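Each chain, written out:
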Amino acid sequence: MFNEWLVAQKYKNRLKKTFHSGGLYLTHKKKNYVHYILPKIHIVKPMDNSTQIVFTLPLGLDPKEVVKSDWLFKQQFGEHVKLKQENKEFVLTIYNEGLKKVIPYKFETLHPIMKEHKLPVVIGKDKNGKIIVIDLIKHPHLLVAGETGSGKSVFLRTMITSFVLHMKPGQLELYLGDPKMVEFFLFENLPIVKGFANEPDEIGKMVQKVVKQMRKRKKLMKEAKVPHIDKYNKKAEKKLPYILLCIDEFAELQSEGSIKKDIEWISSQGRAFGVILCLSLQRPDRDTMDGKLKNNMTMRIAFKMADKVNSRIILDSYEAASISSEDSGRMFYKMNGIHEAQAFWLDEEDAEKILDEYIPVEQVTIVETIVQDEPATTSEDIAETTEDIIEESPVEEVVFKANLLGSGDDGK
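Not measured: the values here are computed from a predicted model. (Residues numbered from 1 in each chain as written. Predicted model: local features only at pLDDT ≥ 70, side-chain atom pairs only at ≥ 80, totals over all residues. Heavy atoms only, no water.)

Caption draft 1: Structural detail: the overall build of the chain. If you tally the helices and strands in the chain, you get 12 helices and 20 strands. Considering the chain as a whole, with its 412 residues, one finds that 43% of them fall into the buried category. Restricting the contact set of the chain to residue pairs at least 6 apart, pairs at least 24 apart contribute 63%. If you sum the accessible surface of the chain, you get close to 23,500 Å²; carbon and sulfur atoms cover 50% of it. (Helix = DSSP H or I, 4+ residues; strand = E, 2+ residues; numbered from the N terminus. Buried < 20%, exposed > 50% of the residue type's maximum accessible area, 1.4 Å probe, protein only. Contact = heavy atoms within 4.5 Å. Areas by Shrake-Rupley, 256 points an atom, 1.4 Å probe, with all protein chains shown as cover.)

Set out below in structure tokens:
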């Protein structure tokens with residue numbers, strides 16, 4: 001108990017020193033004596049991975065002065081701090097270690113948390129070491145942006161791999177558009193993937209297929225008199241799976257007018273019918289992410305961005321432009337505020353090993369020629385060609401189930 005008091009006093013003294021050095025105080029002169037009125041420190045709360053300090057400002061001290069001086073808190077407590085204003089209070093969080101640069105992907109640790117959600121997206125870990133998982137049914141749709149090497153591709157790989165491992169057959173269908181032909185090739189042959197396209201016209205047709213499914217679902221739900229897919233599935237014998245339409249480098253399809261129109265329609269109405277979007281791009285512009293589409297993307301993630309303009313287009317704030325190019329996987333995500341996190345790391349080779357188990361075994365028909373015993377040959381028989389013998393011989397067709405991938409006896 002005494003040790004906790006000492007720690008609290010230590011933090012209070014350091015914070016008071018910060019207030020003094022930054023001029024964050026009011027003064028009251030009385031004769032030859034100047035009285036300094038500092039912000040009042042209410043709580044110093046040690047936590048597992050951080051310490052929180054709650055303080056309020058004296059009446060007359062502009063809160064903007066504190067916000068502008070956030071660099072002073074970093075100077076005093078280190079880089080791993082966060083200052084947040086909550087009404088009249090300020091909460092200063094001082095993290096013990098900050099975000100790790102690399103967090104290995106381990107599905108076993110994620111699965112229990114994912115089970116709490118209907119369509120879970122694994123975001124990463126925050127500064128407290130907490131695993132962040134978001135439900136895309138509650139927070140549709142997803143927009144992901146980031147420069148080359150920022151970690152965007154690894155994040156998408158982790159997200160889709162987690163869906164494959166977590167979702168049961170019939171719960172989710174994936175439609176993947178990959179104009180650059182570099183992001184989604186690992187997933188092309190998985191049973192969960194119902195659509196895969198590279199060329200713009202093929203992606204357009206795939207999007208139209210999803211739109212048709214939406215219209216069918218709209219009709220079914222109207223007949224069932226229910227407003228949402230979850231309520232429909234509670235009543236219906238044949239359940240409808242969620243649909244995730246994921247398109248990489250969406251900006252490259254900007255000239256395809258019909259695609260953009262369909263995407264906007266899905267973004268505005270897809271949630272009710274269980275159709276969710278995931279759009280990703282490197283460098284957004286205002287034409288690609290216009291107000292209507294952007295406002296419908298309620299979950300937004302920005303890795304390292306080229307400048308403040310690009311960061312603002314995605315997050316409505318500048319934080320993503322401040323990410324160091326050395327911090328691959330570092331992100332800011334917008335959901336009820338702006339939050340920082342580090343994505344999990346899953347390299348391509350490990351993902352391929354995981355997914356091999358889920359690629360179906362091909363059925364291969366092998367025709368085996370069986371030549372029946374023949375009577376003793378004569379000199380006349382020797383003249384026959386090999387082709388004649390095979391042609392006249394009875395043939396049995398033998399079918400083998402060949403596991404071409406060598407992934408196990410059960411063919412998983």
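Further notes follow.
Caption draft 2: Just the sheet that holds strand 6 (residues 89-95), in detail. A sheet is described by the order of its strands in space; here four strands give the open sequence 3-4-6-5, paired in antiparallel fashion. The two strands at the open ends of the sheet, each matched to only one other strand, are strand 3 (40-46) and strand 5 (81-86). The sheet shows a mean angle of 15° between the axes of neighbouring strands, taken without regard to direction. The pairing of strand 5 with strand 6 spans six bridges and is antiparallel. When the bridges of strand 6 are listed, L83 appears paired with L92. Across the sheet, helix 3 (residues 70-77) touches strand 4 (50-56), strand 5 and strand 6, and the angle it forms with strand 5 is around 140°. (Pairing = 2+ DSSP bridges. Axes fitted to C-alpha atoms, helices over the stretch in contact; angles between N-to-C directions.)

Caption draft 3: Region of interest: the side chain of K152. Mapping K152 onto the fold places it in helix 5 (residues 152-166). Owing to a relative accessible area of 4%, K152 belongs among the buried residues under this scheme. Setting aside anything within four residues of it in sequence, one finds K152 in contact with V144, A145, G146, D248, E249, S280, L281, Q282 and F303.

Caption draft 4: Representation of helix 3 in the model. For helix 3, the set of buried residues is L72, F73 and F77. For helix 3, the angular spread of buried residues about the axis comes to 110°, placing them on one side. After helix 3 finishes, the residue G78 shows a positive phi value of roughly 105°. (Arc of directions from axis to C-beta.)

Caption draft 5: Representation of the state of the cysteines within the structure. For the structure shown, the criterion picks out zero disulfides. In this model C246 remains outside any disulfide bridge; the closest cysteine sulfur is found in C278, 3.4 Å from its own. Its relative accessible area of 0% is what places C278 among the buried residues. (Disulfide = S-S within 2.5 Å.)

Caption draft 6: Layout of the packing of helix 4 (residues 107-114) against helix 5. Where helix 4 meets helix 5, the axes come as close as 11 Å, and the angle between the chain directions of the two elements is 70°. Judged on the interaxial angle alone, helix 5 and helix 4 are roughly perpendicular. Contacts between helix 4 and helix 5 involve F107, H111 and M114 on the former and, on the latter, S162, L165 and H166. Classifying every residue of the contact of helix 4 with helix 5 gives three nonpolar, three polar and no charged. (Parallel < 35°, antiparallel > 145°, perpendicular 65-115°, else oblique. Nonpolar A, V, L, I, M, F, W, Y, C, P; charged D, E, K, R; others polar.)

Caption draft 7: Up close: a positive patch on the surface. A cluster of basic residues, K225, K231, K234 and K235, forms a positive patch on the protein surface. The residue K234 is located in helix 7 (residues 229-235) in this model. Looking at K234, the relative accessible area reads 73%, which means it is exposed. (Patch = residues over 30% accessible without salt bridge, like charges linked within 9 Å, V, L, I, M, F, W, Y side chains within 5 Å. Salt bridge = Lys/Arg side-chain N within 4 Å of Asp/Glu carboxyl O. Lys, Arg positive; Asp, Glu negative; His and termini not counted. Charge placed at Lys NZ, Arg CZ, Asp CG, Glu CD.)

Caption draft 8: Local environment of the pattern of salt bridges. All told, the structure shown has 14 salt bridges when counted by the stated rule. The partner of D230 in a salt bridge is K118, and the shortest N-O contact between them spans 2.7 Å. Of this pair, D230 sits in helix 7 while K118 sits in the loop between helix 4 and strand 8 (120-125), placing them 112 residues apart in sequence. On the accessibility criterion, D230 (16% relative accessible area) is buried. Note that D327 is salt-bridged to R330, the shortest N-O span being 3.9 Å. An identical accessibility class is assigned to D327 and R330; each is buried.

Caption draft 9: Focus on the packing of aromatic side chains. Inspection of every chain in the model, using the stated rule, returns six aromatic pairs. Seen in terms of ring centroids, Y11 and F77 are 6.1 Å apart; in terms of plane orientation they differ by 25°. Their pairing is stacked. Of this pair, Y11 sits in helix 1 (residues 2-21) while F77 sits in helix 3, placing them 66 residues apart in sequence. Using a relative accessible area of 16% as the deciding quantity, one classes Y11 as buried. Assessed through its relative accessible area of 12%, F77 is described here as buried. (Phe/Tyr/Trp six-rings, centres within 6.5 Å; stacked < 30°, edge-to-face > 60°.)

Caption draft 10: Broad picture of unusual backbone geometry. Here the amide bond leading from P140 into H141 is cis, since omega sits at -10°, within 30 degrees of zero. Relative to the elements of secondary structure, H141 occurs in the loop between strand 9 (131-135) and strand 10 (142-145). One non-glycine residue, M181, lies in the positive phi region at around 55°. You can see M181 is positioned in the loop between strand 11 (172-177) and strand 12 (193-197).

Caption draft 11: Fine view of the pairing of strand 11. Across the six residues that make up strand 11, a large majority, six, are buried. Burial along strand 11 is two-sided: the residues L172, L174 and L176 and E173, Y175 and G177 are all buried. Sheet analysis places strand 11 next to strand 13 (residues 242-247), joined by six bridges and oriented parallel. When the bridges of strand 13 are listed, L176 appears paired with C246. Bridge count between strand 11 and strand 12: four bridges; the pairing is parallel. Its bridge partner being in strand 12, Y175 is matched across the sheet by G195.

Caption draft 12: Highlighting helix 4. Every buried residue of helix 4 is accounted for by F107, L110 and M114. Buried residues of helix 4 fall within an arc of 65° about the axis and therefore sit on the same side. Those residues of helix 4 hidden inside the fold are in contact with strand 8, strand 9, helix 5 and strand 18 (344-345).

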